[in-house]
Every structure is written in structure tokens, then in C-alpha cells.
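So you can see what is in the structure, the chains are spelled out below.
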Amino acid sequence: MQVPFVSLRPVHDKLQKEIQLKLSALIEKSDFILGAEVDLFEKEYAQVSETKYCIGISNGLDALKISLKAAGIGKGDEVIVPANTYIASIFAILDAGATPVLAEPDKTTYNITAENIKSAITPRTKAVMPVHLYGQPCDMDAIMEMAEQNKILVIEDNAQAQGAEYKGRRTGSFGHMNATSFYPSKNLGAMGDAGAITTNSETLDRSARLLRNVGCGSKYHHEVVGYNARMDTMQAGVLNSKLPYLNEWNKERKEIASRYIHNLKECSSIILPEAIDGAEHVYHLFVIRLRERDALQQYLTQNEIQTLIHYPVPCHLQPALGHLGFKKGQFPVTEELSQTCLSLPVFIGMTESQIDFVSENIIAFDKQYS
Ligand SMILES: *Cc1c(COP(=O)(O)O)cnc(C)c1O
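Calculation rules
- Residues numbered from 1 in each chain as written.
- Predicted model: local features only at pLDDT ≥ 70, side-chain atom pairs only at ≥ 80, totals over all residues.
- Heavy atoms only, no water.
- Helix = DSSP H or I, 4+ residues; strand = E, 2+ residues; numbered from the N terminus.
- Rg over C-alpha atoms; globule rule 2.2 N^0.38 Å.
- Buried < 20%, exposed > 50% of the residue type's maximum accessible area, 1.4 Å probe, protein only.
- Salt bridge = Lys/Arg side-chain N within 4 Å of Asp/Glu carboxyl O.
- Phe/Tyr/Trp six-rings, centres within 6.5 Å; stacked < 30°, edge-to-face > 60°.
- Pairing = 2+ DSSP bridges.
- Axes fitted to C-alpha atoms, helices over the stretch in contact; angles between N-to-C directions.

### Brief notes about the overall build of the protein chain
Tallying secondary structure elements over the protein chain gives 12 helices and 14 strands in all. Relative to a compact globule of 370 residues, whose C-alpha radius of gyration would be 21 Å, the protein chain shows 21 Å and is just as compact. Along the longest, intermediate and shortest principal axes, the C-alpha atoms of the protein chain span 70 × 55 × 40 Å. In the protein chain, which comprises 370 residues, the proportion classed as buried is 55%.

And the structure:
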């Protein structure tokens, strides 16, 4: 048996006909920029996110950049961000002209905590960017309370957690601005690049709309220096066909995770993912940890099971951030995570026998170490 890390085929085989018809209709109408599909997606995704507004954006990185810009974050401001995140979170802060201040994650949830954010606050701190890493919600009650007390903005990076809930409320609805990505393999994925911003602020919604569309209030009237960061109309069409399945797909991801957890609970060399109280983890990634990570990955590869590492090089040690002067050893929790984490296959349409096959191989490997 072969198990890929991810396959998008089961989902697309089911929806391909419907999507093809929709794209054909758009071609016939030459309906390519913004328009009804984007409007519809924004309305529906705002509803799913439990926010008043949604702005369709070209991709996740642009959604983060525009969230920060619209919120007025710029030169001289500091933004606190987890040290263990996908590097786009940090690039967005740099693009806004602000300074990223890295904070260590919690050892068991892998997410940033109110406490670690608090100890990174300075008089220049303007915002914090909680990232719901791997699909696991951050402890938003504590983070929102801390942010309010310290008068800083919250910009959620919800790229890995569409549809996740914290105490009955959707992630991507807590922050002043919230950005997400619909990269094809995310929990809700387009057939190309796409992203979105969600917010409850009418003012921020308007700013973000101007910024994504070359500063246009109305055609050829430019109010601010903007970007071209519009959501592609065809991608909006794809996402409109997929959005009704998001809850069902997240449920399936949770079932896959439960089966892994049940199968692997006796493996003494392996640390399994843990959810915090009141959080609904949507398992964008199923990440285990173990000292012999590289050996396990190699063993699984030999048995035709594909795994990935999220992420093998922490952001602060990436050449791209060399100019910020970070040092090895500066974020020990993050560095240990990068050396011990391993993401197992999770995708919609994965069969029970595939989950069990992956599990059996891990159990066999674990026996050598316990
Ligand atoms: C995917 C991702 C992004 C960037 O999204 P793109 O659409 O690829 O630009 C940002 N942050 C996190 C945490 C992500 O996982």
C-alpha cells in the first residue's frame, strides 16, 4: 500500500463536473475580475466565519499584508508573532514596514500563549498575530483579554484553521483583522492561489477593499496607494462549490485524527497532539513528536508512506531573516519542535486501512525504542 502525504483527487473527482460547468459559464460571460462569484463568496465566507465582513484576496500572504496595512501598522511598530509559524506571517509584518518580535510557543499546543506575548510587549508593540497552527485554536480568551489590557490590536493568521472553533466561536472572528489562505491543500482550498480577510469593523473592511483593488473607491478614482490583490473570480467560483462541504471535511479530519490517536496511544516514544479546553482542532496537519524523528521518517518512506516536516528550519534561522540578527539557541522550544515534529498523512478521502497502515508502521518502529 502507498500512502501519499496529501491527495486532492478524492475531493476533486466528486466536484469536477460542477466546477467545470461554472468555469465554462464564466468564460462565456467573460466574467473574470471581481463580480458575482467573489461577492457571493465574501457573503458566504463571512457567514461561515461569524464575522460581519469578508474581503476576497489574491492569497494568504497578501491577506496578512493588507490586514496589517489597513489596521494602520507600519514603520516603528512592533508586531508579536510566534517563532514557530509558516514564514509568510513574518514576511507580512516586514512588508508593512513593522518589526516582527518573535515569541516562543507552548510546549504542548505549539501555539503562542498570552503569557509569552505579554513578556514580549514593549512601548512600541502595536499588534499581536496569533497563528492557529496545524488547525489548533490558540487560547483566544486569554489572548484577547491580554491584548485589551495592553491596548494592542489582534490580527489572526487563520490560514491553517478554517472552520475551527474556540469555545463555540470560529477562529478568524476574534481579531480586529483576520487573514486566511485558500492554498489548494488548506482545509478549504482553491485550484490555485486565493485568500481572504474577515473582520467586524466597517472601517477596516473599507480600507482593506481599497488596498486590494489599487486604491479604487470607484473606477479610476484612487483614494490610497493600493495593491492588486483581488481574489480571482474563477477561484471564487471554485471556492463557492467547495465551501458547503467545509464542516463535513473538518469532521472527517477530526475522525482521521481520532483514529491515529487511538491507534498510537501505546507508543511510548511518541508525543501525540493535544487540544486545549474548549478548542476544536481541525487537524490541517496531524503532527507527532519524537526524538528519533529522522529515523521514523526514513522508515516510513521505505514503506511507501509520505510524511512532511512543518517546519524543518525555524523562521529565525532562515537566510531570508538573516538581517534581523537572530541567533541559534534564541528560541529553544521552537528549535526543538523543528527537530522533533513529523506530520502524518491527513486528507479528505483517506481510507481507514490507510490510517491503520501508517499506524502499524509507526507502532513497529516504536517497538525498537521502548
Ligand atoms: C499557508 C499559510 C500562509 C500563506 O498563505 P499563501 O496563500 O500561501 O500565501 C500564511 N500563514 C500560514 C500559517 C499558512 O499556513
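### Details of the pattern of salt bridges
One pass over the full model with this rule turns up 16 salt bridges. Note that Glu-42 and Arg-209 form a salt bridge whose closest N and O atoms lie 3.2 Å from each other. On the criterion of sequence distance, the pair formed by Glu-42 in helix H2 (residues 36–49) and Arg-209 in helix H7 (residues 202–212) is long-range, its members being 167 residues apart. For Glu-42, a relative accessible area of 6% puts it in the buried group. What makes Arg-209 partly exposed here is its relative accessible area of 26%. For Arg-259, the salt bridge is made with Asp-356, and the minimal N-O distance between the two is 2.8 Å. With Arg-259 in helix H9 (residues 246–264) and Asp-356 in helix H12 (residues 352–367), the pair connects residues that are 97 residues apart, well separated along the chain. By sharing partners, the salt bridges in this structure join Glu-42, Asp-205, Arg-209 and Arg-212 into a single network.

### A look at the packing of aromatic side chains
With the rule as written, the count across this model stands at 11 aromatic pairs. When the ring of Phe-41 is compared with that of Tyr-45, the centres are 5.4 Å apart and the planes differ by 15°; the resulting orientation is stacked. In this pair, Phe-41 and Tyr-45 both sit in helix H2, four residues apart, roughly one turn of the helix. On the basis of relative accessible area, Phe-41 is assigned to the buried category, the value being 0%. You can call Tyr-45 buried: its relative accessible area is 2%. Arranged with centres 5.8 Å apart and planes meeting at 75°, the rings of Tyr-166 and Phe-174 form a pair that is edge-to-face.

### A few points about the sheet that holds strand E4 (residues 125–128)
Ordered in space as E1-E9-E8-E5-E4-E2-E3, the seven strands form an open sheet in which the pairing is mixed. The two strands at the open ends of the sheet, each matched to only one other strand, are strand E1 (53–57) and strand E3 (99–103). On average, adjacent strands in this sheet sit at an angle of 25° to one another, irrespective of strand direction. Bridge count between strand E8 (residues 177–181) and strand E9 (residues 195–199): four bridges; the pairing is antiparallel. Across the sheet, Ala-179 pairs through a bridge with Ile-197, a residue of E9.

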